[in-house]
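Chains, contacts and geometry: an overview
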Amino acid sequence: MSEININMTVNGQKIEASADPRTLLIHFLREDQNLTGPHIGCDTSHCGACTVDMNGMSVKACTVFVGQANGADIVTIEGIAQADGTLHALQEAFRQHHGLQCGFCTPGMITRAYRLLQENPSPTEEEIRYGISGNLCRCTGYQNIVKAIQVAAEELSVKEAAE
Amino acid sequence: MNDQTPISREERIEKLQGLGSSRKRVEDARFTQGAGNYVDDIKLPGMLFGDFVRSPYGHARIKSIKTEAALAVPGVLAVITAEDLKPLNLHYMPTLAGDVQAVLADEKVLFQGQEVAFVVATDRYAAADGVELVEVDYEGLPVINDAFKAMDDNAPLLREDIKDKMEGAHGPRKHHNHIFSWEEGDKKGTEKALADADVVVEELITYQRVHPCPLETCGCVASMDKINGKLTLWGTFQAPHAVRTVASLITNIAEHNIRVISPDIGGGFGNKVGVYPGYICAAVASIVTGKPVKWVEDRIENLSATAFARDYHMTGKIAATKDGKITGLSAHVLADHGAFDACADPTKFPAGFFSIVTGSYDIPVAYCGVDGVYTNKAPGGVAYRCSFRVTEAAYLIERMIDILARKLDMDPAEIRLKNFIKKEQFPYNSALGWEYDSGDYHTAMDKALASVDYNALRAEQEENRAAFDRGETRNLMGIGVAFFTEIVGAGPVKNCDILGLGMFDSCEIRIHPTGSAIARLGTISQGQGHATTFAQIVASEIGIPAEDITLEEGDTDTAPYGLGTYGSRSTPVAGAATAMAGRKIRAKAQMIAAYLLEVHEGDLEWDVDRFQVKGNPEAHKTMKEIAFASYNQAIPGLEPGLEAVSYYDPPNMTYPFGAYIGVVDIDVDTGVVDVRSFYALDDCGTRINPMIIEGQVHGGLTESLAIVMGQDISYDETGNIKGATLMDYFLPTAVETPNWETDFTTTPSPHHPIGAKGVGESPNVGGVPALSNAVHDAFAHKGLTHTQMPHDHWRIWKTAQKLGLTD
Ligand code: FES
Ligand code: FES
């Protein structure tokens, strides 16, 4: 099969590559770009482990062909901390509030929450629960994830107000 | 040189972050930044991918396998079938239960999804293309999907490979589809108790087939280094040392030439205890090609082929006096093990610790018997977030007690309080042969009832029922009470082994000259936070802050031998080994301190992080100072260095317990069950890290919710697996999951060095009966005795309809 050219911005860096057109975005990111933060947990777009941010929207990268992401601006978990290594409020809050156990859902979960808090900077508990319902976690029972997102939302809004 | 830092004793304790500290997890930095290293993240030069051709049939004869078209796909290098494995004697592998399992189907397939051929290719897409093009010609055979029909006279023969082997791993087999019979207790005495009783309740209670479904599926990378003759296996292994031993036994590669590494594991819950055909095929493919080979199953493969759990059909009978005192218990189980017996139970316990079925009650006489049968379903039978078959046992007794309460018109809490083993009876010998180490059930139950204001809940329920009857509401309120006793920490080598390997565990600790340390264990974390909690145990034992202790596990080349992490055994067994290794270090440290302080050893006492002269705490040596001295001074009569290893063979199991109360509101017209509140009191003995314990309880309760409200791996009459994707298999999202309220009492284990009992699996054991009892309780006044799980919307609605409650 002939390959197609791919141009995209991933975590702020422009990349050029070629790929078999049927390659899924998740495999392209994980295997060609060595970004193994987003994971694969299912084959039916249910688990959200593969969640990345694409053009300002959360997408399940297992359900996007790499060609569909051509020209896109992509953010993965690897691009969520600041360039100087300072963790994002969400990353800090997940640790402080024990929002993860095995860590397999965590990259997708944080990436989803990262977008959720931009869509809705001060969500209620119910809005958080709906907002992350496309991301499954088998370990935590969500309670501490929800708490971590609430805390991060507060911190981000305090920071925003200060700026 | 004394450490002069003037800090108080409290500050020194605080600094250690030892036992009881809600220390933040050291694992989280990498996980929150996408820097975990799970098996599918491993990428080696020249790595190939393997993928399975799987059976579409539940039971069929394989007439031919044609591989030419697959081999013509660019990138496909090999297609391996049973015929290729036979000369190597690798077409069958031993299971942990003493049976054998086909690595690749040998002449016939026995369940849908069974491994038939292994396609090896340069990348996963080419492998998938190859799989599509392997042509297998099947001839369908009659299917057994109902365990109750497996031993009919005319039942089809499933296992042709062992048809003449009527002596099974656990005694004689009485039918060609029978695996084992196992019994415990006093059968005659129990029959008499039942015959003499004022009341007897009897019920068939099925615990449906479910699947642990960790978010990461199973997989491995096998890499054979032909020059050095070394095979390295990275994989999702809950028991890396056992995998190495099994791999050595079946491949004939010497054990020192096999290195098994468990990298980060994305949840296990029992799914990753077993040895799967994918591991063997990847290893064979690597040996044949000389290249590393990766195999990672997808979700459908995971749900349909690797390690289910439960599938127990349990008939319980309770004998009792008319005022509710239990006088006897009998339980018989028909256990559906699928096509191969691949349970991961200790050898002498083919039904695990099911005989914990007398639960938390002082029952004078009991009997239990289990028959295992083959069916055309996937093999497995693992402990899904529970100790071996304990959750099945807890479900049976806790449902039966409720049924008895209903029959006697007693309150479920009251009947439990009446029958509990009393505090002064511990250590308690159960009628089925266990010695419960410690417990205080009445205190725990009283605390739980008070915390939820049980009487007020019952009063509210009365009002709700009246309002429902008046037509003012369509919701029924249910209150579910469960009190469980677990048995974990397998286990004493005298009666617990897997494949002949005693179920001890181990820890090695080395103190570095500057007073930091590394500890290595035979276990492996799958989210339990071992790197955090085991360092806390070490910290408390040797007085070095947890943050100065590296914890390593999961690499058989460096870690001491251990049986791995499942059945809540890490804390009871490896945690004990850790404490004991720490104590060995402390014993040597005491001799060093005595030398340095020029006093007799007996004149020293341990205090937090130092040895001090009794009555003169100013004269002391901290562990840090002692560590340095051990490396730079010649101390008469002592070897240099400061390290220790401990292999811990537990004298007994540990018996965590808990009281759980859940409240549900059920909409009878839609069958939707809303969990309004759930209170979980756990007693897991000494609490190492309360934050992590709470997290484990939240997670386990959520899994119990999943099991009770929807999980079901079922098969149709032709052997098709229903629900092997996340479209159908229920994993609760954040929306369905309620907030859980946790609480605790602390009854240390008397025989464990730090008194800890293990907790990871308690919430599943107690959560399932509590939630199921709540659903039953909602309908109890309308005449419902028992209905099988899962209590999904459709089934609940059917129940309401049968009771005449729907319009
Ligand atoms: S891998 Fe499950 S949704 Fe993408
Ligand atoms: S932390 Fe394990 S799946 Fe979420």
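Residues numbered from 1 in each chain as written. Chains lettered and ligands numbered in written order. Predicted model: local features only at pLDDT ≥ 70, side-chain atom pairs only at ≥ 80, totals over all residues. Heavy atoms only, no water.

1. Thoughts on the sheet that holds strand β6 (residues 108-109) of chain B
Residues and elements named next belong to chain B. Formally: When DSSP locates at least two bridges between a pair of strands, those strands are taken to pair. In this text, helices come from DSSP runs of H or I with a minimum length of four residues, and strands from runs of E with a minimum of two, each type numbered from the N-terminal end.
One open sheet holds the three strands; their spatial order is β6-β2-β8, and the pairing between them is antiparallel. Two strands bound the open sheet, and with one partner strand each, they are β6 and β8 (135-140). Across six bridges, the pairing between strand β2 (residues 60-66) and β8 is antiparallel. Note on β8: the bridge partner recorded for K66 is E135.

2. Let's talk about the interface of chain B and chain A
What counts, and what does not: Any pair of residues with heavy atoms lying within 4.5 Å of one another is described as a contacting pair. Two parts lose some accessible area (1.4 Å probe) when they are put together, and adding that loss for both gives the buried area. What counts as a salt bridge is simple: a side-chain nitrogen of Lys or Arg found within 4 Å of a carboxyl oxygen of Asp or Glu.
The partner chain A presents 48 residues to the 54 residues of chain B that form the contact. Taken together, both faces of the contact between chain B and chain A bury some 4400 Å²; the carbon and sulfur share is 54%. At the surface where chain B touches chain A, the tally comes to five salt bridges. Close ionic contact of D40(B) with R30(A) constitutes a salt bridge, the shortest N to O distance being 3.7 Å.

3. Structural notes on the pairing of strand β3 (residues 51-54) of chain A
The side chains of a regular strand alternate between both faces of the sheet. Residues and elements named next belong to chain A. To keep it simple, the criterion reads: A 1.4 Å probe rolled over the protein chains alone gives each residue an accessible area, and that area as a share of the maximum for its type sets the label: buried under 20%, exposed over 50%, partly exposed in between.
Burial along β3 is two-sided: the face carrying T51 and D53 and the face carrying V52 and M54 are both buried. Relative to strand β4 (residues 57-60), β3 runs antiparallel, the two sharing four bridges. Within β4, the residue paired with M54 across the bridge is M57. Between β3 and β4, which follow one another and run antiparallel, lie two residues, and N55 among them has a positive phi close to 50°. With two bridges joining them, β3 and strand β5 (residues 73-75) adopt antiparallel strand pairing. Bridging from a neighbouring strand, M54 pairs with I74 of β5.

4. Here we look at a negative patch on the surface
All names here are of chain B. Here is the rule: In this analysis, a patch consists of residues with relative accessible area above 30% that form no salt bridge, clustered at 9 Å for like charges and at 5 Å for the nonpolar side chains Val, Leu, Ile, Met, Phe, Trp and Tyr. A 1.4 Å probe and the Shrake-Rupley method give the accessible areas. Residues count as covered only by the protein chains that appear here. Within this scheme the basic residues Lys and Arg register as positive and the acidic residues Asp and Glu register as negative, but His and the chain ends are omitted. One atom stands in for each charge, and that atom is NZ of Lys, CZ of Arg, CG of Asp or CD of Glu.
A cluster of acidic residues, E68, E135, D137 and E139, forms a negative patch at the surface. Considering every element that reaches the negative patch, the biggest residue donor is β8, with three residues. Tracing the backbone through its elements, the reader meets E68 in helix α3 (residues 68-71). We classify E68 as exposed; its relative accessible area is 55%.

5. Focus on the layout of surface pockets
This is how it is decided: Cavity and pocket criteria rest on a 1 Å grid covering protein atoms alone: a 1.4 Å probe that fits but cannot get out defines a cavity, protein on both sides within 12 Å along at least 5 of 7 lines defines an open pocket, and an atom within 4 Å of a point defines a lining residue. Grid points are joined across faces, edges and corners, and a volume is the space filled by probe spheres set on the points. Ten residue types, Ala, Val, Leu, Ile, Met, Phe, Trp, Tyr, Cys and Pro, are classed as nonpolar, four, Asp, Glu, Lys and Arg, as charged, and the remainder, Gly among them, as polar.
What the largest pocket holds in volume is close to 870 Å³. Together, 40 residues line the largest pocket, and H27(A), D43(A), D51(B), R124(B) and D298(B) are the ones closest to its centre. Secondary-structure elements contributing two or more residues to the lining of the largest pocket are α1 (25-32) of chain A together with β1 (48-54), α5 (124-133), β16 (293-296) and α9 (299-305) of chain B. Residues of the lining of the largest pocket, tallied by class, amount to 18 nonpolar, seven polar and 15 charged.

6. Points about empty space enclosed by the protein
Unfilled space is identified by rolling a water-sized probe across the atoms. All names here are of chain B. The condition that has to hold: Reported domain spans reflect what an automatic or database domain assignment gives.
All chains considered together, the criterion is met by ten cavities of 30 Å³ or more. Around the largest cavity, the lining comprises 32 residues; the ones closest to its centre are Q528, T571, Q696, V759 and G760. At the level of secondary structure, the elements contributing two or more residues to the lining of the largest cavity comprise α14 (530-542), α15 (570-597) and α17 (690-709). For the lining of the largest cavity, the leading source of residues is α17, giving three residues. Considering only residue class, the lining of the largest cavity consists of nine nonpolar, 18 polar and five charged. Built from parts of two domains, the lining of the largest cavity gets at least three residues from each of domain 1 (9-36 + 505-648) and domain 3 (308-490 + 653-802).

7. Side note on the packing of aromatic side chains
Residues and elements named next belong to chain B. To be explicit about the condition: When the centres of two rings from Phe, Tyr and Trp lie within 6.5 Å, Trp using its six-membered ring, the rings pair. Their planes under 30 degrees apart give stacked, over 60 give edge-to-face, and anything left gives tilted. Only Lys NZ and Arg CZ are tested; either one counts as a charge over a ring when it is within 6 Å of the ring centre and within 35 degrees of the ring normal.
Counted according to the given criterion, the structure contains 29 aromatic pairs over all chains. When the ring of Y361 is compared with that of F420, the centres are 5.8 Å apart and the planes differ by 5°; the resulting orientation is stacked. On the criterion of sequence distance, the pair formed by Y361 in the loop between β18 (326-336) and β19 (366-373) and F420 in the loop between α11 (412-419) and β21 (428-429) is long-range, its members being 59 residues apart. Note on F420: relative accessible area 2%, which makes it buried. Among the aromatic residues, ring-to-ring pairing joins F52, F118, F237, Y276, Y279 and W295 into one connected group. Sitting over the face of the ring of F744, R687 holds its NZ or CZ atom 3.6 Å from the ring centroid.

8. Comments concerning the pattern of salt bridges
Considering all chains together, one arrives at 60 salt bridges over all chains under this definition. Two residues, R129(A) and E125(A), come together in a salt bridge whose shortest N-O distance is 2.8 Å. Taken together, the residues span about one helical turn, with R129(A) and E125(A) both in helix α4 (residues 125-131) at a distance of four residues. With a relative accessible area of 30%, E125(A) lands in the partly exposed category. Here D28(B) ties to R25(B) by a salt bridge, and the two come within 2.8 Å at their closest N and O atoms. Judged by relative accessible area, D28(B) falls into the buried class, the value being 0%. Each member of the salt-bridge network shares a partner with another, and the members are R30(A), E31(A), D40(B), D41(B), R124(B) and K294(B).

9. Focus: the domain arrangement of chain A
All names here are of chain A. Domain annotation of chain A identifies domain 1 (4-79) and domain 2 (89-162). The partner domain 2 presents 13 residues to the 19 residues of domain 1 that form the contact. Roughly 1200 Å² is buried in total at the junction of domain 1 and domain 2, and carbon and sulfur atoms are behind 56% of that figure. Counting across the interface, domain 1 meets domain 2 through one salt bridge. Here R115 and D53 are joined by a salt bridge, their closest N and O atoms 2.8 Å apart. Secondary-structure elements contributing two or more residues to the side of domain 1 that touches domain 2 are β3 and β4. Of the residues in the side of domain 1 that touches domain 2, the class split is eight nonpolar, nine polar and two charged.

10. Focus: the pairing of strand β32 (residues 643-648) of chain B
All names here are of chain B. Residues of β32 alternate between two faces, with A644, S646 and Y648 buried on one and E643, V645 and Y647 left unburied on the opposite face. Both strand β26 (residues 505-511) and β32 contribute to a ladder of six bridges, which runs antiparallel. Pairing of C507 across the sheet is with S646, part of β32.

11. What to know about the side chain of H175(B)
Residue and element names in this part refer to chain B. Stated precisely, the cut-off is as follows: Whenever a nitrogen or oxygen atom comes within 3.5 Å of another N or O atom, the pair is scored as a polar contact, on the condition that within protein one atom can donate a hydrogen and the other can accept it, and that pairs from neighbouring residues in sequence are kept only if both atoms are in side chains.
Along the polypeptide, H175 turns up in the loop between β10 (171-172) and β11 (178-185). Judged by its relative accessible area of 11%, H175 falls in the buried class. Among the polar contacts listed, one links the side chain of H175 to the backbone oxygen of D152, at a separation of 2.9 Å. Residues within four places of H175 in sequence aside, it is in contact with A150, M151, D152, A155 and M166.

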